[in-house]
Amino acid sequence: MPAVMQWIKQRFAALSARAEAGAAAVEYGLLVALIAIAIIGAVFLLGQNVKKTFTCVANSVPTTTASTASPTC
């Protein structure tokens with residue numbers, strides 16, 4: 001009988017450890033989702049300013065060696 005009780009205790013320990021691992025996976029999933037939301041929000045908020053800056057820099061780069069562009073950014 002003690003062997004059966006020992007086996008049952010081991011099974012409960014394994015199941016509870018597995019349940020905690022599942023909870024940790026859910027927590028990591030929530031963290032990843034929050035980070036993704038923060039990145040998407042930053043892109044929407046800063047996207048137009050960054051686009052304007054890149055456009056200005058691209059327009060100020062000379063296309064030939066003879067032309068010189070004046071930076072107006």
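Structural notes, computed from the coordinates. (Residues numbered from 1 in each chain as written. Predicted model: local features only at pLDDT ≥ 70, side-chain atom pairs only at ≥ 80, totals over all residues. Heavy atoms only, no water.)

## Focus on the overall build of the protein
Right, on to step 1. Check the secondary structure of the protein and you find 1 helix and 0 strands.
Right, on to step 2. Across the 73 residues in the protein, those meeting the buried criterion constitute 3%.
Right, on to step 3. Accessible surface computed for the protein: about 6500 Å², of which carbon and sulfur atoms make up 72%. (Helix = DSSP H or I, 4+ residues; strand = E, 2+ residues; numbered from the N terminus. Buried < 20%, exposed > 50% of the residue type's maximum accessible area, 1.4 Å probe, protein only. Areas by Shrake-Rupley, 256 points an atom, 1.4 Å probe, with all protein chains shown as cover.)

## Concerning the side chain of serine 60
Right, on to step 1. Within the element layout of this structure, serine 60 appears in helix 1 (residues 2–60).
Right, on to step 2. Residue serine 60 is classed as buried on the basis of its relative accessible area, which comes to 17%.
Right, on to step 3. At a separation of 2.9 Å, a polar atom in the side chain of serine 60 contacts the main-chain carbonyl oxygen of valine 57. (Polar contact = N/O pair within 3.5 Å; in protein donor to acceptor, adjacent residues only side chain to side chain.)

## Description of a nonpolar patch on the surface
Right, on to step 1. A cluster of nonpolar side chains, Val4, Met5, Trp7, Ile8 and Phe12, forms an exposed patch at the surface whose accessible area comes to about 520 Å².
Right, on to step 2. The topology assignment puts tryptophan 7 in helix 1. (Patch = residues over 30% accessible without salt bridge, like charges linked within 9 Å, V, L, I, M, F, W, Y side chains within 5 Å. Salt bridge = Lys/Arg side-chain N within 4 Å of Asp/Glu carboxyl O.)

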